[in-house]
Amino acid sequence: MILTEHASEEIRQQIHRLCGIHLQRDKDYLLVQRLSPLLAQHECRNWEELANRLRGSAVRCDLHQAVVEAITTPETSFFRDGHPFEAIRQQILPPHLASGHGMRIWSVACSTGQEPYSIAMLLRELRATTEGLPRISADRITATDISQRCLSIAQAGIYTPHEVQRGLSEIRLHRHFRPVGTNWQIRDEMRQMVQFSMLNLIESWPDFVGFDLILCRNVLIYFDLPTRTQILRRLCQLLPIGGWLILGAAENLLQISLPLEPVRVGLTTLYRRSG
Ligand SMILES: C[S@@+](CC[C@H](N)C(=O)[O-])C[C@H]1O[C@@H](n2cnc3c(N)ncnc32)[C@H](O)[C@@H]1O
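Residues numbered from 1 in each chain as written. Predicted model: local features only at pLDDT ≥ 70, side-chain atom pairs only at ≥ 80, totals over all residues. Heavy atoms only, no water.

- As annotated in an unreviewed UniProt entry, the protein chain carries the name protein-glutamate O-methyltransferase and comes from Tuwongella immobilis.
- In its Catalytic activity (unreviewed entry) section, the UniProt entry covering the protein chain states "L-glutamyl-[protein] + S-adenosyl-L-methionine = [protein]-L-glutamate 5-O-methyl ester + S-adenosyl-L-homocysteine". (UniProt positions renumbered as here; feature names shortened; annotations may be inferred.)

**Digging into the packing of helix H3 (residues 47-56) against helix H4 (residues 62-71)**
So, point 1. The geometry of H3 relative to H4 is characterised by a closest axis approach of 9 Å and an angle of 115° between their N-to-C directions. One finds that H3 runs roughly perpendicular with respect to H4. Between H3 and H4 lies a crossing whose hand is left-handed. Contact with H3, carried on its side by Leu50, Arg53 and Leu54, involves Leu63, His64 and Val67 of H4 and no other residues of that element. (Axes fitted to C-alpha atoms, helices over the stretch in contact; angles between N-to-C directions. Helix = DSSP H or I, 4+ residues; strand = E, 2+ residues; numbered from the N terminus. Parallel < 35°, antiparallel > 145°, perpendicular 65-115°, else oblique. Left-handed = near helix turned anticlockwise from the far one by under 90°. Contact = heavy atoms within 4.5 Å.)

**Re the site of the ligand**
So, point 1. For the ligand, the set of nearby residues contains 20 residues, the closest of which are Cys19, Thr76, Ala109, Asp145 and Asn218.
So, point 2. Note that an oxygen atom of the ligand is positioned 2.6 Å from one of the side-chain N or O atoms of aspartate 145.
So, point 3. Leucine 201 places a polar main-chain atom, nitrogen or oxygen, 2.9 Å from a nitrogen atom of the ligand.
So, point 4. Considered class by class, the residues forming the shell around the ligand number eight nonpolar, seven polar and five charged. (Near = heavy atom within 4 Å. Polar contact = N/O pair within 3.5 Å; in protein donor to acceptor, adjacent residues only side chain to side chain. Nonpolar A, V, L, I, M, F, W, Y, C, P; charged D, E, K, R; others polar.)

**Observations regarding the nonpolar core**
So, point 1. Ranked by internal contacts, the top residues of the largest apolar core, which has 50 residues, are Ile11, Ile15, Leu35, Leu235 and Leu245.
So, point 2. If you list the elements that add at least two residues to this core, you get helix H1 (5-19), helix H2 (28-41), H3, H4, strand S7 (213-216), helix H11 (225-237) and strand S8 (244-247).
So, point 3. In terms of residue count, H4 provides more of this core than any other element does, six residues in total.
So, point 4. Look past the residues within four positions of leucine 35 in its chain and what remains in contact with it is Ile11, Ile15, Leu30, Trp47, Leu50, Val67, Ala70 and Ile71.
So, point 5. With 40 residues, the next largest nonpolar core counts Ala87, Cys110, Tyr159 and Val164 among its residues. (Core = buried A, V, L, I, M, F, W, Y, C linked by side-chain atoms within 4.5 Å. Buried < 20%, exposed > 50% of the residue type's maximum accessible area, 1.4 Å probe, protein only.)

**Section: the sheet that holds strand S9 (residues 260-265)**
So, point 1. Read across the sheet, seven strands follow the order S6-S2-S1-S7-S8-S10-S9 without closing on themselves; strand pairing throughout is mixed. The strands lining the two open edges of the sheet, one partner per strand, are strand S6 (194-198) and S9. Sheet twist, expressed as the average angle between the axes of neighbouring strands with direction ignored, equals 20°.
So, point 2. Strand direction decides the pairing type here: strand S2 (residues 140-145) and S6, joined by five bridges, are parallel. What sits directly across from threonine 142, in S6, is glutamine 195.
So, point 3. Where H11 meets the sheet, its contacts fall on strand S1 (104-107), S7, S8, S9 and strand S10 (268-273), and the angle it forms with S8 comes to roughly 150°. (Pairing = 2+ DSSP bridges.)

Structure follows, in structure tokens:
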């Protein structure tokens, strides 16, 4: 079935409206690859009908969610890119651990959970080395994503042998996971540190109190500049002075003016909220 220029334009606009993802015409192959199965599943005779149905419903319906699930990219891994987690371990965590206060952390587009669980493992490992220090409050990791499918996997915390091989050492695997059949499940202590919930970054957010550290990695690349700017402004408002933001390796604050000061640690640029 041919994806006409008109249907492509309309579907790309609807995707932008639903989740902020900005696709140009040269991404038609992606639309065809990812959305073709939905035509049959949702009984659309052609792409025009899919476009009409997406546009026709103002309230969120099953078709909208199916398109969002199909078009988002859940690529992730434990300790993705390595060096940002080393920078967090060296620069961000020690003063917090010494203060006795628990850390409030937000993994903004957490996909299937590897990112927030990597932070949970890191915190647990460091806390074990400072056991004698007083603890005033517990660490809390909030993890959100637009994809319900990803969140279900994240909540179960069960990963295939292939997934655990991506980024986890044997030591961490055996320390923080237990075998479940041929798969591995993150231990309950770690699962209890993370609260997962659905959140669309371009819609309203719950009344968050604020975070010491926000990880917003490998999601802004899918948005256009106005959407990125808007989301970053809102994230910035949730950081106290001295709070930290981490972006993905291909993301930066170019063309966006915010009270965030870059701090280089090894190969990673961290951003610290200034006054
Ligand atoms: C490539 S993954 C990044 C996962 C993780 N942060 C990492 O760096 O490994 C991008 C995630 O962004 C989510 N996403 C895309 N658009 C979103 C939106 N509007 N609101 C919330 N999450 C979104 C996708 O569902 C996907 O899980």
